[in-house]
Amino acid sequence: MKNPDKGPSLRTGHTLVTVGLPNNPKAVLIGGCGPEGVTNDVWALKMGAENLEWEKPKIGQPDKAPSPRWLHTATTLPDGKSIYVFGGMDRTKRYDDSYLISTDKFRWSQPEVSGIVPTPRAGHSATLVGDTLFIFGGYGGYGYSRVMFNDLFSLDMSTFAFTKIAGSGKIPDPRAN
């Protein structure tokens, strides 16, 4: 690894997703919590054939960046260069907000979402199937509540419309990462 001492600080609760496959692969790390506190920093690991190298990209529109958070989710979108970030928490508050970062210029934006938005949460999971993102479980709620969830939501990535999905059969017990 080139410059092993230049990289993200010690942390937990961060996300790491790949973008730019197959020609320009990078792993993008977002947020987390470490000895210095909760952060919203972004790091990119260049994944060339010969060297791995961390870089801290210059962020366009930093005023549009999410507040510092950990235990959020980040998902690479079908275009292979955009990342969707949902929820998470700082030391006292859980979030139900949505952000996009385009990794071709590392610019943040906040999409307008509609529908039934999940309750603020952290420690949830998310997975993309086609153009639909599914968000499951986690813990949180409004204010200082700490409720464990077993609910399931879908987000249409072309319209940013959330839908709460009604379960049938045996529903999984509430859970969080």
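Preceding this paragraph is the structure being described.
Keep in mind it's a predicted model, so treat the numbers as computed, not measured.

The subject of this paragraph is the sheet that holds strand S5 (residues 73-76). Ordered by their spatial adjacency, four strands build an open sheet running S5-S6-S7-S8, and the pairing between neighbours is antiparallel. At either end of the open sheet lies a strand with only one pairing partner, and these are S5 and strand S8 (107-109). Here the average twist between neighbouring strands, direction ignored, is 25°. Here four bridges tie S5 to strand S6 (residues 82-86), and the two strands are oriented antiparallel to one another. Its bridge partner lying in S6, Thr76 is registered against Ile83.

Inspection of the secondary structure assignment puts Val113 in the loop between S8 and strand S9 (114-115). Its relative accessible area of 31% is what places Val113 among the partly exposed residues. Measuring from C-alpha to C-alpha, the distance between Val113 and Met157 comes to 9.8 Å, with 44 residues separating the pair along the chain.

What follows covers the pattern of salt bridges. Oppositely charged side chains can form a pair if their charged atoms are brought close together. Per the counting criterion, the structure on display carries six salt bridges. Here Arg11 ties to Asp41 by a salt bridge, and the two come within 2.6 Å at their closest N and O atoms. With Arg11 in the segment before strand S1 (15-19) and Asp41 in strand S3 (residues 37-47), the pair connects residues that are 30 residues apart, well separated along the chain. For Arg11, a relative accessible area of 13% puts it in the buried group. With a shortest N-O distance of 2.7 Å, Asp97 and Arg69 are connected by a salt bridge. Of this pair, Asp97 sits in the loop between S6 and strand S7 (98-102) while Arg69 sits in the loop between strand S4 (52-55) and S5, placing them 28 residues apart in sequence.

Moving on to the packing of aromatic side chains. Evaluated as defined, the whole model comprises three aromatic pairs. On the basis of an interplanar angle of 55° and a centroid distance of 5.9 Å, the ring pair of Phe86 and Phe162 is categorised as tilted. With Phe86 in strand S6 and Phe162 in strand S14 (residues 161-165), the pair connects residues that are 76 residues apart, well separated along the chain. Measuring from centroid to centroid gives 6.2 Å for Tyr99 and Trp108, while their planes differ by 90°, and the two rings are edge-to-face. Take Trp108: its relative accessible area is 1%, and that puts it in the buried class. Positioned over the ring face of Tyr95 is Arg69, at 4.2 Å from the centre of the ring. The ring of Tyr139 is capped by Arg146, whose NZ or CZ atom sits 4.3 Å from the centre of that ring.

Residues Val28, Ile30, Val42, Ile83, Val85, Ile101 and Trp108 are the most contacted members of the largest nonpolar core, which totals 14 residues. Put simply, the parts of the chain that give this core at least two residues each are S1, strand S2 (26-34), S3, S6 and S7. Excluding residues that lie within four positions of it along the chain, Val85 makes contacts with Ile30, Arg69, His72, Thr73, Ala74, Asp97, Ser98, Tyr99 and Trp108. Membership of the second largest hydrophobic core comes to 11 residues, among which are Leu77, Leu100, Phe153 and Met157.

Analysis parameters
- Residues numbered from 1 in each chain as written.
- Predicted model: local features only at pLDDT ≥ 70, side-chain atom pairs only at ≥ 80, totals over all residues.
- Heavy atoms only, no water.
- Pairing = 2+ DSSP bridges.
- Helix = DSSP H or I, 4+ residues; strand = E, 2+ residues; numbered from the N terminus.
- Axes fitted to C-alpha atoms, helices over the stretch in contact; angles between N-to-C directions.
- Buried < 20%, exposed > 50% of the residue type's maximum accessible area, 1.4 Å probe, protein only.
- Salt bridge = Lys/Arg side-chain N within 4 Å of Asp/Glu carboxyl O.
- Phe/Tyr/Trp six-rings, centres within 6.5 Å; stacked < 30°, edge-to-face > 60°.
- Lys NZ or Arg CZ within 6 Å of the ring centre and 35° of its normal.
- Core = buried A, V, L, I, M, F, W, Y, C linked by side-chain atoms within 4.5 Å.
- Contact = heavy atoms within 4.5 Å.

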